[in-house]
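Chain residues, written in single-letter form:
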Amino acid sequence: GQNIDQPTEMTATEGAIVQINCTYQTSGFNGLFWYQQHAGEAPTFLSYNVLDGLEEKGRFSSFLSRSKGYSYLLLKELQMKDSASYLCAAASSSASKIIFGSGTRLSIRP
Amino acid sequence: DTAVSQTPKYLVTQMGNDKSIKCEQNLGHDTMYWYKQDSKKFLKIMFSYNNKELIINETVPNRFSPKSPDKAHLNLHINSLELGDSAVYFCASSQEPGGTEAFFGQGTRLTVV
């Protein structure tokens, strides 16, 4: 089967660090995406991991462990504008699609 | 220049009507998708087309019919609209199916009354 799990909501403080976890099960796994979606807007691409390890891109980093079916998105130096939903998505080449989790709504407080 | 554009952005219509949503991408991608995002914000794939050919149809009622006149366009036609069809519909494209980053259109908020 294909399944993606991530927390529904998280809260963090401006300037702090937050880690959003994601576990997945998918056949023909071909990589893990993280997208950011602000309310009323389209999802926008943040990161893509296909090999194990940490990919760093500015304040955002994404980690993948294929053997554990696990990924996380790490956000540093949080800003108020980081308040959004963060969607974990698994690419499946055998199923020819990208499957999304339900998203984690991150709220940043001053 | 908008990479993936869909129209209209908002659509309010009565139950039983037939409506279409259009999508175009200028990225030269081979694969296009339609996703439905419900009130709980769950983004669920509906259809996937690769080079104008349907490759995924995810148990969507046959009232929904996608049409791809060429690989840059994937339109969604919905017959006999129902209240439960109210959602935001996103078009997306990627270079290949299920393997590369997907770019999303701005979404069409459909409200059936």
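Description of the structure in this document.

About the thresholds
Residues numbered from 1 in each chain as written. Chains lettered and ligands numbered in written order. Predicted model: local features only at pLDDT ≥ 70, side-chain atom pairs only at ≥ 80, totals over all residues. Heavy atoms only, no water. Contact = heavy atoms within 4.5 Å. Buried area = accessible area lost by both parts, 1.4 Å probe. Salt bridge = Lys/Arg side-chain N within 4 Å of Asp/Glu carboxyl O. Polar contact = N/O pair within 3.5 Å; in protein donor to acceptor, adjacent residues only side chain to side chain. Helix = DSSP H or I, 4+ residues; strand = E, 2+ residues; numbered from the N terminus. Disulfide = S-S within 2.5 Å. Buried < 20%, exposed > 50% of the residue type's maximum accessible area, 1.4 Å probe, protein only. Pairing = 2+ DSSP bridges. Axes fitted to C-alpha atoms, helices over the stretch in contact; angles between N-to-C directions.

Of the residues lining the interface, 21 residues belong to chain B; the matching set on chain A comes to 20 residues. Both sides together, the interface formed by chain B and chain A hides about 1,600 Å², and carbon and sulfur atoms give 57% of it. Linking chain B with chain A are zero salt bridges, by the criterion used here. Taken together, the connections running from chain B to chain A amount to three residue pairs in polar contact (both at pLDDT 80 or more). Looking at the side of chain B that touches chain A, the elements that each hand over two or more residues are β4 (31–37), β5 (43–50) and β6 (53–57) of chain B.

All names here are of chain A. Under the definition given, this model contains two disulfides over all chains. In this model, C22 is linked to C88 through a disulfide, with the two sulfur atoms separated by 1.9 Å. Here C22 and C88 share a disulfide; its torsion about the S-S bond, -70°, makes the bridge left-handed. One end of the pair, C22, is in strand β3 (residues 18–25); the other, C88, is in strand β9 (residues 84–92), and 66 residues separate them in sequence. Neither C22 nor C88 differs from the other in exposure class; each is buried.

Our focus in this paragraph is the environment of Q37(B). The residue Q37(B) is located in strand β4 in this model. Among the residues examined, Q37(B) registers a relative accessible area of 6% and is labelled buried. Every residue in contact with Q37(B), bar those within four places of it in the chain, is listed here: Q37(A), F42(B), L43(B), A87(B), V88(B) and F90(B).

A cis amide bond links T7(B) with the next residue in sequence, P8(B), at an omega value of 0°. Within the fold, P8(B) resides in the loop between β1 (4–7) and β2 (10–13). Backbone geometry places E77(A), a non-glycine residue, at a positive phi of 45°.

Residue and element names in this part refer to chain A. Ordered by their spatial adjacency, five strands build an open sheet running β1-β3-β8-β7-β6, and the pairing between neighbours is antiparallel. At either end of the open sheet lies a strand with only one pairing partner, and these are β1 (3–5) and β6 (53–57). Shown here is a sheet whose adjacent strand axes are inclined to one another by a mean of 15°, direction ignored. Relative to strand β8 (residues 70–75), β3 is paired through six bridges, and the arrangement is antiparallel. Bridging across to β8, Q19 finds its partner in L74.

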